Amino acid sequence: MQASVTNSTSRYGWGTILLHWLIALIFIGQFGLGFIMVRLTSQRAAFELIQLHKSFGFLLLGLVILRIAWRLGNSAPALPASVGGLERRTAPLAHLALYAFQIALPLSGWALVSVSTLDIPSMPFDLFVMPNLPIGESDAAESFWTSAHWYLAYAGIGLVVLHVAAALRHHFQLGDSVLTRMITPSSDRDREYRE
């Protein structure tokens, strides 16, 4: 029995699983990195971490766009019967909110560096210079985007905590497959049952 790249009616495939966990690691790691970099006393170390934070931000933006495109091309598995009506209606909204925050956060960071009067270039993983967004530089705009990025980060991490709590509730309290299907990929056998 070989694992499948695409989703089946009951499980996610490797494509979805790898994108999910890679995005999750980067998203949570970005929060930790951002928290540390603004508290460093060494300007050189802070600069290095800021460049790394920007690099992972651009990578996150690309991966989330890829994840959304992948999701549009691969139907999600049906929810187990144990999932109630209210949760069936709110689960898609929660996922939409997660996608929105995972796009808004890197975009707000990109806007922040674009309006900064310091004019420090963004060099993702030292491979190339990422052009700034076409918005004007000013101290007022920098202050706005700093606040927006900060609030989005905390709201985003709050959503992640709720998402994890819901997954753990499904696994430990309800005993259904909501969590395990994001760990164990679909297989050729799942596909045979579907056809």
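1. Topic: a nonpolar patch on the surface
- A grouping of Phe35, Ile36, Leu40, Trp150, Tyr151 and Tyr154 is seen on the molecular surface, where their side chains present a nonpolar patch of about 620 Å² in accessible area.
- Where the nonpolar patch is concerned, the elements lending two or more residues are helix 1 (14–37) and helix 4 (139–174).
- Here the nonpolar patch gets 3 residues from one element, more than from any other, and that element is helix 4.
- With respect to the secondary-structure elements, Leu40 resides in the loop between helix 1 and helix 2 (43–73).
- You can call Leu40 partly exposed: its relative accessible area is 33%.

2. Quick word on the packing of helix 2 against helix 3 (residues 85–115)
- At their nearest, the axes of helix 2 and helix 3 sit 9 Å apart, and the two run at 145 degrees to each other. Helix 3 is crossed by helix 2, and the crossing has left-handed handedness. Residues Lys54, Gly57, Phe58, Leu60, Leu61, Val64, Arg67, Ile68 and Arg71 of helix 2 lie in contact with helix 3, whose contacting residues are Tyr99, Gln102, Ile103, Pro106, Leu107, Trp110 and Val113.
- In terms of residue class, the contact of helix 2 with helix 3 is made up of 11 nonpolar, 2 polar and 3 charged.

3. Things to note about the confidence of the model for the protein chain
- Here the protein chain averages 91 in pLDDT, while 94% of its residues score no lower than 70.
- Mean pLDDT across the secondary structure elements of the protein chain bottoms out at helix 5 (residues 188–194), with 46, and peaks at helix 2, with 96.
- Here residues 190–195 is modelled with pLDDT under 50, and outside its nearest four sequence neighbours on either side it reaches 12 contacts, counting other chains as well.

4. Re helix 4
- End to end, helix 4 covers 51 Å across 36 residues, agreeing with the expected 52 Å (1.5 Å per residue, within 8%).
- Ala141, Ala148, His149, Ala153, Gly156, Ile157, Leu159, Val160, Ala167 and His170 are the residues of helix 4 that are buried.
- Where helix 4 is buried, its residues contact helix 1, helix 2 and helix 3.
- Phi for Gly175, located one or two positions after helix 4, is positive at around 65 degrees.

5. Describing the side chain of Gln102
- Positionally, Gln102 belongs in helix 3.
- Relative accessible area serves as the criterion here: at 10%, Gln102 is assigned to the buried category.
- Discounting residues that sit within four places of it in the chain, Gln102 has contacts with Ile23, Phe27, Leu60 and Val64.

About the cut-offs
- Residues numbered from 1 in each chain as written.
- Predicted model: local features only at pLDDT ≥ 70, side-chain atom pairs only at ≥ 80, totals over all residues.
- Heavy atoms only, no water.
- Patch = residues over 30% accessible without salt bridge, like charges linked within 9 Å, V, L, I, M, F, W, Y side chains within 5 Å.
- Areas by Shrake-Rupley, 256 points an atom, 1.4 Å probe, with all protein chains shown as cover.
- Salt bridge = Lys/Arg side-chain N within 4 Å of Asp/Glu carboxyl O.
- Helix = DSSP H or I, 4+ residues; strand = E, 2+ residues; numbered from the N terminus.
- Buried < 20%, exposed > 50% of the residue type's maximum accessible area, 1.4 Å probe, protein only.
- Axes fitted to C-alpha atoms, helices over the stretch in contact; angles between N-to-C directions.
- Left-handed = near helix turned anticlockwise from the far one by under 90°.
- Contact = heavy atoms within 4.5 Å.
- Nonpolar A, V, L, I, M, F, W, Y, C, P; charged D, E, K, R; others polar.
- pLDDT = per-residue confidence, 0-100.
- Expected span 1.5 Å × (residues − 1).

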